Amino acid sequence: ASGGDDCDDQNPQIFPGATELCDGVDNNCNGDIDDGLPPRALWYLDQDRDGYGIASVSELSCGAPSAAYADQSGDCDDTRTEISPDSVEVCGDGEDQDCDPSSPRCRLLGPLDAFSAYRILPGALNVGGDLSRRGDQILIGAANRGGPGSAYLLSVDDFDDVADAAELDDVAVRFRGDDPKGRFGMSSVSADLDGDGNSQVFVGAPGRDEVGMVYGFSDGIAPLQHLEDAALRLTGDSELGWFGAALSRLPLDDRDALLVGAPGWAAEMGAVYVYLNADDGPATTLMGDRLGGRLGSAIAEVGDVDGDGVSDVAVGAPGAAGQLLLISAAELDGAMKVLVPETAAFATIFGDAPDAALGDVVAAPGDLNRDGYADVLVGAPGRNESTGAVALLLGQADPGDREMSDADALLLGIAAGDRAGAAVSGGVPLRPGGGPEIAIGAPGALAVYLIHDVPQGIQSLETASTVISGTYADGFGSAITMLPDNPVNGEGLLLVGAPDRYGAVYFFLSPGE
């Protein structure tokens, strides 16, 4: 033949001018392999045509061999279009919709145990008896029954420090009490009482000097703070009044009000004091009207429950069957006045059994069902021989008075002595793509129960989405709080206190991390 441009004279299919094929060869001898064709790639059999094929059946081609092939693999069931890596995992139904057995959306599905925690921080005795949020910081109480007590301020901004710490003192600011009977650290909260834009840390010592005290520490604090470093001091006015047993912040227009509970006041009728500053004493006082009612054992600003545009406050009075009062923040505006429950509360929830202790703990989960009204969680750890229960009250225009058995949902403990509802928190998604969740502590069972969906009616905690067992962690579940995200993986963070014996705080991100 004339000319000498054939690049493979042994193959009659290869010559200048030949049609280029997708075979990894220069068929037309122009120096380019697979010239003018899409790049060669693996294509995977996709029988259900959901865009994902199966890795075990593939072809190397410059385009889809047929419509039954996809350019990506990963399908775990090629006969069902609803199952593929793009599908949303449905937690707890026994199927793997997104073809990821360890799907992060369900990584807080149980059962788990305390050793599944991302980090365990031990500390002084009774660490973790009180847990509360302060923005991206956590206040941790350690009201030692046999020592002076402490409180800790822990930032989660730099979680590497938390991960490497040997104990809580290594990474947290410590506020140290000095009275073995003072129970310093039983409560704590952050509030801007003077309106300067900087929050102070307030720590309760309800046993101090037999009347109780609250200490306020300013920002810019050193790693170790003693009581003499406190910038503010508030003192109770009743012997054995337990002033400072509960603390809460109430945001106002230009500052915060500080709410202080004194459940032992006046033969344990109890009281709540509203402070606008530390110099003038309490402005508004809410006085209990039931002997042994212990009003002020728990206090929480819960948002706008009745939709009137004004935030509301939940106050627990857990004596005997117990009560929960819902009071408009407008009633607690700092004016000099004395209130009583009957006229101050726009709704009262009553315990439905002797010694139920409804109102022992209160939590503000926000708007769980997204209807525009704030919701309320309230624990009754003494109910049914201390089996315990938690009532969910969904906000509405007219909440009205009712018994806890008529709550929108009632979550029941499992066995006598569990004390389910001794701690409760909610409102934070703990799974990517999931909604806000509810966490319930049952320290008698050394367990924490997670509810992934908004509960309805009466449910046993045996049906909880997740159970975290705190075996060998004495008091596990006595305190719970949540943060909406963490620096490790951006997901929600669950903290559980185990205050008995030496005490510790458990940080949960996901199993095994």
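Relevant structure appears above.
Residues numbered from 1 in each chain as written. Predicted model: local features only at pLDDT ≥ 70, side-chain atom pairs only at ≥ 80, totals over all residues. Heavy atoms only, no water.

**Comments concerning the overall build of the protein**
A count of helices and strands for the protein gives 4 helices and 36 strands. Relative to its 513 residues, the protein shows a buried fraction of 53%. Sequence separation of at least 24 residues holds for 51% of the intrachain contacts in the protein that already meet a minimum separation of 6. Here the protein displays about 21200 Å² of accessible surface, and carbon together with sulfur accounts for 47% of that area. (Helix = DSSP H or I, 4+ residues; strand = E, 2+ residues; numbered from the N terminus. Buried < 20%, exposed > 50% of the residue type's maximum accessible area, 1.4 Å probe, protein only. Contact = heavy atoms within 4.5 Å. Areas by Shrake-Rupley, 256 points an atom, 1.4 Å probe, with all protein chains shown as cover.)

**Re the state of the cysteines**
In protein structure, a disulfide is the covalent linkage between the sulfur atoms of two cysteines. One pass over the structure, following the stated rule, counts 3 disulfides. The disulfide partner of cysteine 7 is cysteine 29, and the gap between their sulfur atoms is 2.0 Å. Looking along the S-S bond of the cysteine 7-cysteine 29 disulfide, the torsion reads about -80°, which is the left-handed sense. Taken as a pair, cysteine 7 in the segment before strand S1 (41–45) and cysteine 29 in the segment before S1 lie far apart in primary sequence, 22 residues in all. The exposure class assigned to cysteine 29 is buried, which follows from its relative accessible area of 18%. With its sulfur 1.9 Å from that of its partner, cysteine 22 forms a disulfide with cysteine 62. Classification of the bridge connecting cysteine 22 and cysteine 62 rests on its S-S torsion, roughly 85°, and on that basis the disulfide is right-handed. (Disulfide = S-S within 2.5 Å.)

**Notes on empty space enclosed by the protein**
According to the stated counting rule, one finds 1 cavity of 30 Å³ or more in the structure shown. Space inside the largest cavity adds up to approximately 50 Å³. What lines the largest cavity is Met269, Gly288, Asp289, Arg290, Gly293, Leu295, Ala317, Gln323, Leu325 and Pro341. Split by residue class, the lining of the largest cavity holds 5 nonpolar, 3 polar and 2 charged. (1 Å grid on protein atoms, 1.4 Å probe; cavity = no way out; pocket = protein on both sides within 12 Å on 5 of 7 lines; lining within 4 Å. Points joined across faces, edges and corners; volume = space filled by probe spheres on them. Nonpolar A, V, L, I, M, F, W, Y, C, P; charged D, E, K, R; others polar.)

**Here's the deal with the nonpolar core**
Membership of the largest hydrophobic core comes to 23 residues, with the highest contact counts inside it found for Leu324, Val362, Val376 and Met404. Listing elements by their share of this core, those giving two or more residues are strand S19 (298–303), strand S21 (323–328), strand S23 (345–350), strand S25 (375–380) and strand S26 (389–393). Excluding residues that lie within four positions of it along the chain, valine 362 makes contacts with Ala298, Ala300, Val302, Ala314, Gly316, Leu324, Val376, Leu377 and Val378. Counting 20 residues, the second-largest nonpolar core is a separate cluster that includes Ala117, Ala423, Leu430 and Tyr506. (Core = buried A, V, L, I, M, F, W, Y, C linked by side-chain atoms within 4.5 Å.)

**Overview of the pattern of salt bridges**
For the structure shown, the criterion picks out 10 salt bridges. For aspartate 77, the salt bridge identified is with arginine 80, shortest N-O distance 3.9 Å. Arginine 294 is the partner of glutamate 268 in a salt bridge, and the nearest nitrogen-oxygen pair spans 3.0 Å. In this pair, glutamate 268 sits in helix H2 (residues 265–268) while arginine 294 sits in the loop between strand S18 (284–287) and S19, placing the two residues 26 residues apart along the sequence. For glutamate 268, a relative accessible area of 36% gives the class partly exposed. If you follow the salt bridges from partner to partner, you end up with Asp77, Arg80 and Glu82 in one network. (Salt bridge = Lys/Arg side-chain N within 4 Å of Asp/Glu carboxyl O.)

**Some points on the environment of alanine 68**
As for its placement among the helices and strands, alanine 68 is situated in the loop between strand S2 (54–61) and strand S3 (69–70). Measuring from C-alpha to C-alpha, the distance between alanine 68 and aspartate 50 comes to 9.7 Å, with 18 residues separating the pair along the chain. In this structure, alanine 68 is in contact with Tyr44, Leu45, Asp46, Gln47 and Arg49, ignoring residues within four places of it in sequence.

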